[in-house]
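An overview of the molecular structure
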Amino acid sequence: MSDTIEEKVKNYRTAPFDARFPNTNQTRNCFQNYLDFHRCNKALSAKDQDVAPCDWYQRVYKSLCPMSWVARWDEQIENGSFPGKI
């Protein structure tokens, strides 16, 4: 149990259980981790800090989300029409 965060991220295989999303449908979990990744990147980049801690959110959303959704959300962010608050 003395694993460091870096070791846990390195050994990551799939999204762990998240008590905020106990149901089988993981759509909301996918979207929330996508938002958290981009919020984390934005916040740490603004402070000129390393964005490596944000990799966890990226790995989780890439594990849960269909890539077609991610591609569409990325396009919406580029176009300024993304519905989420980042």
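Our structure is the block above this text.
Remember, it's a predicted structure, so these values are computed and weren't measured experimentally. (Residues numbered from 1 in each chain as written. Predicted model: local features only at pLDDT ≥ 70, side-chain atom pairs only at ≥ 80, totals over all residues. Heavy atoms only, no water.)

1. Points about the packing of aromatic side chains
Taken as a whole and assessed by the stated rule, the structure comprises 7 aromatic pairs. Ring centres 5.8 Å apart and planes at 50° place the aromatic pair Y34 and F82 in the tilted group. With Y34 in helix α2 (residues 27–46) and F82 in the segment after α4 (67–79), this pair connects stretches of sequence that are 48 residues apart. What makes Y34 buried here is its relative accessible area of 0%. Overall, the relative accessible area of 13% leaves F82 in the buried class. Taken together, the ring pairs in this structure connect F31, Y34, F37, Y61, W69, W73 and F82 into an aromatic cluster. (Phe/Tyr/Trp six-rings, centres within 6.5 Å; stacked < 30°, edge-to-face > 60°. Helix = DSSP H or I, 4+ residues; strand = E, 2+ residues; numbered from the N terminus. Buried < 20%, exposed > 50% of the residue type's maximum accessible area, 1.4 Å probe, protein only.)

2. Some points on unusual backbone geometry
Positive phi outside glycine occurs at D48, with the angle close to 55°. Looking at the element boundaries, D48 is found in the loop between α2 and α3 (55–64).

3. Some thoughts on α4
Over its 13 residues, α4 extends 18 Å from the first C-alpha to the last, a length consistent with the 18 Å expected when each residue adds 1.5 Å. A positive phi of about 80° marks G80, the residue just after α4. (Expected span 1.5 Å × (residues − 1).)

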